[in-house]
Structures are given as structure tokens and as C-alpha cells.
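Fold and geometry: a report
One letter stands for each residue in the lines below.
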Amino acid sequence: MNVHRIRLLPEAVSRKLAAGEVITRPASVVKELLENALDAGARRITVELRAGGRNLIRVSDNGWGMTLDDLRLAVQRHATSKLETVEDLRHLTSYGFRGEALASIAAVSRLRIETNAAEDTAGCFLVADGGEVKEIGEVARPRGTTVTVQALFYNLPVRRGFLKSDNHETRLVTEVVKEYALAHIQVHFELRADGDELLVLPPVSAVKDRLVPFVDPQVEQHLLQLNAQHPLLSLSGYLADPFALSGSYPLQLIFINQRPVRSRVVMRAVYEGYGRTLHGGNPVFLLFLSTAPENLDVNIHPTKQEVRFVDERLLFDFISEAVRKTLGVKLQSTVDYQELAVAPLITDSPTLPQGFWQLHDSFIFAQVQSGYCIIDQHAAHERILFEELLRTPEHIPQQGLLFPLTVELTAEEFAVYQEVNSILASFGVQTKPFSGQTIVIEALPAGANMGRDDVRSLFAELVTSERGERTLRERLARAIACKGAVKAGQRLSQTEMESLINRLFACREPFFCPHGRPAIIRITLDDLAKRFGRT
Ligand code: ADP
Ligand code: MG
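The rules we used
Residues numbered from 1 in each chain as written. Chains lettered and ligands numbered in written order. Predicted model: local features only at pLDDT ≥ 70, side-chain atom pairs only at ≥ 80, totals over all residues. Heavy atoms only, no water. Axes fitted to C-alpha atoms, helices over the stretch in contact; angles between N-to-C directions. Helix = DSSP H or I, 4+ residues; strand = E, 2+ residues; numbered from the N terminus. Parallel < 35°, antiparallel > 145°, perpendicular 65-115°, else oblique. Left-handed = near helix turned anticlockwise from the far one by under 90°. Contact = heavy atoms within 4.5 Å. Nonpolar A, V, L, I, M, F, W, Y, C, P; charged D, E, K, R; others polar. Near = heavy atom within 4 Å. Polar contact = N/O pair within 3.5 Å; in protein donor to acceptor, adjacent residues only side chain to side chain. Areas by Shrake-Rupley, 256 points an atom, 1.4 Å probe, with all protein chains shown as cover. Salt bridge = Lys/Arg side-chain N within 4 Å of Asp/Glu carboxyl O. Buried < 20%, exposed > 50% of the residue type's maximum accessible area, 1.4 Å probe, protein only. Pairing = 2+ DSSP bridges. Core = buried A, V, L, I, M, F, W, Y, C linked by side-chain atoms within 4.5 Å. Disulfide = S-S within 2.5 Å. Phe/Tyr/Trp six-rings, centres within 6.5 Å; stacked < 30°, edge-to-face > 60°. Lys NZ or Arg CZ within 6 Å of the ring centre and 35° of its normal. Patch = residues over 30% accessible without salt bridge, like charges linked within 9 Å, V, L, I, M, F, W, Y side chains within 5 Å.

What to know about the packing of helix 13 (residues 377–391) against helix 17 (residues 494–505)
- One way to put it is that helix 13 packs onto helix 17 with a least axis distance of 9 Å and a crossing angle of 55°. It follows from the interaxial angle that helix 13 and helix 17 lie oblique. In terms of crossing hand, the pair formed by helix 13 and helix 17 is left-handed. Packed against helix 13, whose contacting residues are Gln-377, Ala-380, His-381, Arg-383, Ile-384, Leu-385 and Glu-388, the element helix 17 presents Leu-500, Arg-503 and Leu-504 at the interface.
- Of the residues contributing to the contact of helix 13 with helix 17, the split by class is 5 nonpolar, 2 polar and 3 charged.

Quick notes on the site of ligand 1
- Taken together, 19 residues form the shell around ligand 1, and within it Asn-36, Thr-80, Ser-81, Lys-82 and Gly-99 come nearest.
- Ser-81 is positioned such that a nitrogen or oxygen atom in its side chain is 2.6 Å from an oxygen atom of ligand 1.
- Separating a nitrogen atom of ligand 1 from a side-chain N or O atom of Thr-145 is a distance of 3.3 Å.
- Protein coverage of the free-state accessible area of ligand 1, which is 530 Å², stands at 93%.

Focus: the pattern of salt bridges
- A complete count under the given rule lists 19 salt bridges for this structure.
- Of the charged contacts, one joins Asp-129 and Arg-110 as a salt bridge, the two residues approaching to 3.1 Å between their closest N and O atoms. Placement of Asp-129 in strand 4 (residues 123–129) and of Arg-110 in strand 3 (residues 110–116) is noted, with a sequence separation of 19 residues between them.
- Classification of Asp-129 as partly exposed rests on a relative accessible area of 22%.
- With a relative accessible area of 38%, Arg-110 lands in the partly exposed category.
- Overlapping salt bridges bring together Arg-44, Glu-190, Arg-192 and Glu-197 as one network.

Considerations on the sheet that holds strand 19 (residues 398–408)
- The sheet built from 3 strands is open, its strands ordered 19-21-20 with antiparallel pairing. This sheet does not close on itself; its edge strands, each paired only once, are strand 19 and strand 20 (430–435). In this sheet, neighbouring strand axes are inclined to one another by 20° on average, regardless of whether the strands run parallel or antiparallel.
- As defined by bridge partners, strand 20 adjoins strand 21 (residues 438–445) across 5 bridges and the pair is classed as antiparallel. Bridged to Thr-431 within strand 21 is Ile-441.
- Most of the contacts of helix 14 (residues 411–426) go to strand 20, to which it runs at about 150°, and overall it touches strand 19, strand 20 and strand 21.
- Where helix 15 (residues 452–464) meets the sheet, it contacts strand 19 and strand 21, and its direction lies at approximately 65° from that of strand 19.

What about the pairing of strand 3?
- Relative to strand 4, strand 3 runs antiparallel, the two being bridged by 6 bridges. Bridge pairing links Thr-115 to Cys-124 in strand 4.
- Between strand 3 and strand 4, which follow one another and run antiparallel, lie 6 residues.
- Where strand 3 meets strand 6 (residues 144–150), 7 bridges bridge the pair, whose relative direction is antiparallel. Of the residues in strand 6, the one forming a bridge with Leu-111 is Val-149.

With respect to the nonpolar core
- One finds Leu-34, Phe-189, Leu-286 and Ile-319 to be the most contacted residues of the largest nonpolar core, which totals 97 residues.
- The element best represented in this core is helix 10 (residues 312–333), accounting for 8 residues.

Some remarks on the pairing of strand 18 (residues 371–376)
- Bridge count for strand 17 (residues 363–368) against strand 18 is 6 bridges, and the pairing is antiparallel. When the bridges of strand 18 are listed, Val-368 appears paired with Gly-371.
- Between strand 17 and the antiparallel strand that follows it, strand 18, lie 2 residues.

What to know about the state of the cysteines
- Counted according to the given criterion, the structure contains 0 disulfides.
- Residue Cys-482 stays outside any disulfide, its sulfur separated by 8.2 Å from that of Cys-513, the closest cysteine.
- Its relative accessible area of 25% is what places Cys-482 among the partly exposed residues.

Remarks on the packing of aromatic side chains
- Enumeration according to the criterion identifies 5 aromatic pairs in this entry.
- Ring centres of Phe-365 and Tyr-372 lie 5.7 Å apart, and the angle between their planes is 15°; this geometry places the pair in the stacked category.
- Aromatic side chains Phe-414 and Tyr-417 sit 5.7 Å apart centroid to centroid with 35° between the ring planes, which places their arrangement in the tilted category. Taken together, the residues Phe-414 and Tyr-417, both in helix 14 and 3 residues apart, mark about one turn of the helix.
- The class of Phe-414 is buried, set by a relative accessible area of 13%.
- By way of ring pairs, the aromatic residues Trp-357, Phe-365 and Tyr-372 are connected into one cluster.
- Stacked on the ring of Phe-125, the Lys or Arg Arg-112 has its end atom at 4.4 Å from the ring centre.
- For Arg-159, the ring lying beneath its charged end belongs to Phe-153, and the centroid distance is 6.0 Å.

As for a nonpolar patch on the surface
- A surface patch of nonpolar side chains, amounting to about 260 Å² of accessible area, comprises Leu-9, Val-13 and Leu-17.
- For Leu-17, the location among the structural elements is in helix 1 (residues 11–22).
- A residue is classified by how much of its surface remains accessible, and Leu-17, at 52% relative accessible area, is exposed.

Written out as C-alpha cells, the structure reads:
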């Protein structure tokens, strides 16, 4: 027998393969079931998990339900009530339209659907196993639908094996519920895992009220409301002001017509809008875009996580402008930013009543008019070096190495090296190619304290980052500043502290280190009075 002959796959096999594309883990099951419940007009949705969804996923809704005939069809592939002609795709307002989700879930699990399309009659149920319908019958239940998915991927053992820990899968499901709950604040959502209530979200009238369980109260205070209109697009949502940037995994959500999407264009537009205020930090944002369905192609990704807008350039400009405007308004109206500024320190110092005081050789305390400041000496020095490097790279003293360092780069890193070599030189990093992908470093900026591994990690970082001239200079400056700055745990003299503070306040942006972490914290007398119960 010729094993290379082309054959049609048996139905059961092709069904499983197709299902594997849409349904990859419990979170994707939950996503599809939530979308169906919302498409059915549900006002109350409950999600239940056992063992991270591995053993059981149950989504119950009080939507308009299905009749027995609908139910039979619902688990067939390409059975949908949401689309009749290809033309309809252009005016789509529902989440679903391919009619694939239930069939796919059925193919890779043991599925039970109970549903009722009316208040006053009995409902119906269907049981399927690996995509084969096993049982259909009547059942008493109120209007709405309950879908129970058990033994997910029992017939795709490899995929089942790829699932992560229960906690991890539960976390991914929580993310999904969070996204849809934020897109539908008028709907009551609940999430339970192994009997624990993880989320109970009663209907609210403002997105901000629903955000409470999802953002840290510190950040919440820094959220600015955003609104912008264009004939083709409208935008609303929230942005964190640059005083509340986060280093890792901040809440960043984009919805287009209430569909949570990943969009590089929107993402980059937001960062562009923040511009220099970001300093390598990450903003929290939550954007709701809406547009007429015909301006949107939702059919470019199997799980519809990406969509394409008719005019992506317009989208980019519209968003970055809206972000800039929103932040601009805030920056102008922030008294804090002004008050913390140069004046109190520069005019009152250098002879403040108590001088400067260093805590654990790491933080500097300085009195200001409204109270006192705590300066993180490393972050502050990083900021100073960073700005100095960008301002006058030609003044950076170089230090020739007695023993030049040879560094072997990967092919990718070497390509980056060739691109950035001359910029490196202008920062005082003197190098030359040695042989193959090996380079020799002959001089480094004085005081930069960089070793072979630092140089390597610099290149490794550059490989994955953008390499426009400005970004590159900033990255290099940031890396060099980080290496060169005084560390925590280093004792400083009065004169050194004073010089550090004066140089810091001469910076354009003294409040954050180049990675976006705060360099100064201010505690006011009011704060103290509160802590001591005086108010
Ligand atoms: P799609 O959502 O793309 O139409 P699905 O496979 O997700 O495809 O669902 C198939 C059909 O089953 C839907 O078009 C809808 O008519 C019906 N259906 C699924 N879930 C529900 C639900 N929770 N409530 C009411 N009808 C539902
Ligand atoms: Mg669907």
C-alpha cells in the first residue's frame, strides 16, 4: 500500500483537528460560551470550573435559549442563527457567526446542554460525547441555557497533557471573564472555581465601578477618563496618568465593538500617545472603540482575537492623539508635579535645617516645604546619567580597557551590532569586529562598570526591541546609566548627596528613573498628620 496516497480524513478525525484550532484550553471554551450567552441577550451569567476546567466547565445564562430543533442544530458544524448570507458578515453585531464553537467543544469533550426558550413550557437537553449526539430529551428548567463541558480533551490526550496547573488555567479563565465583564457592565457575572467564589460582579452603571476587583486602588486614583469622536470611530475608556506606570503586566485592554481584541496598531498608538512620559514603564489602559460593523473585518483570526479596521493609519492617529490630549490635560492640571518641582529644593537647599540624611545607605531623606522627600539614590543617579548621556554623549569620558573584552555574538546579535556600531561609539563604547561573529571591546564609558555579560545582554535586548535611532540611543543610555549608577548600600557623604539632589532636580524629568520607577517619593505633613490620627 502506498502510504503517501492522499486520502480524505475520516469525519471523526477532521472534526477533532478542526476543533483543536478554536478550542485550545478551558479559557477558550469559556470565551465561546460567554459569547454565546451574551449573543443570546443574557443578563446573568455564571461560570463554574472544576480542576481549572479540566474536569468541568459550566456556563449558565438567562438568555433567550433554544428550542429543541435549534438545539439539535446548534452542535452541528457551521450551524448558526447569526448569519445567513456572506453579505451579513459586513453588518455583524453578534460575537458568533461561524457556527463552529459548540460543534468544536462537543468534538473534544463530554457535553451536556440544557436550554429553554420560553418561561412556561418544559425545556430540552442534549448529551454528546466526542461530537456524537447520545441523547436528547425534555427537562424542566427556566428560560436560558446551561452548557456543561466535562473531560475536556479526553480524546486528545496530547492536548490535555499540555494544559498547565489548575491555578494557571483558572487564572486564564478569570482573565476571559474579566474582559467580557468589562465589556458588559449591565450583565451580572459570577465565577466559581472548585466551590470558591472568585468573582461576583453585580450590574453597574460605570465601567470604573466594575474595575474595582481588577486594579489596585493606587492605580485607580490615577485613572483619567478618555473620550474622543471621529465620523468613523468613537472612543471611550480610561488611562493611567504617567504617575502610575507599572513595570510588569499592567491591565491593558482594547475592545472594538465590545469584542476584546489584541491590536498592535492600537497598542502602539497608545504608547506613542504617552511618548516620553513612559520612561520604559507600562501604562494601564482600557479602551472601548466603536465603529459601524462594515468598517471592521472580524474574520481574519480563528478565534476573532484580531480584527482589521478599514483604515489602520486613521485608527493609529486617532488613538495616539486622544491619548496625548487626555494626558496633556492632566499634566497641566497636576499641582503635585509642580509643587514637587525644583523650587522648594533648589531655593531652600543646600542648607536645609536638617541637611540630608541617608537611610540604610540607600535612600536619601530631604525636607521640603510641604513635608519631606525620599530619594532612591540608585534610581536618581540612573536618571541623572541617563539624561546626561542623551544630552552630551560627546562629553562622556572613555576608559580604554587594559584587557580588551572579546564577545561572541549570535548571528542576530551580530546583525544588530553592525547596525548600531557607530551609535555605540558615540556613547564611548569602542569596538571592532574580530572574526566571524566575535567582536572586541576596546573602551567603555568611564564609570559604566560594564563587563562582558552586560555587553552581551545589551545586544540580546536590542535584538528584540525597536531599533529606531532615538529608541536605540535611549536604550543604550538606559543600559549604561543603570550600570554606572551608585548602587543601594553605598554610603554617600553630605556633599555627594547634595550634588546628587541638585543634579536630579536639574533633570527634565526628575521623578522617574529611566525604567519608569519612581526616583522620589514625597510624604506631606498632611499625610503624617493623618497617620498620627491628628485629623
Ligand atoms: P455561533 O455562535 O458562531 O453561531 P456556536 O457554535 O457558538 O456558533 O453556536 C451555534 C448556535 O447555537 C448559535 O448560533 C445559537 O443560535 C445557538 N446557541 C449557542 N449557545 C446559545 C445560548 N447560550 N443561548 C441561546 N442560543 C445559543
Ligand atoms: Mg458562538
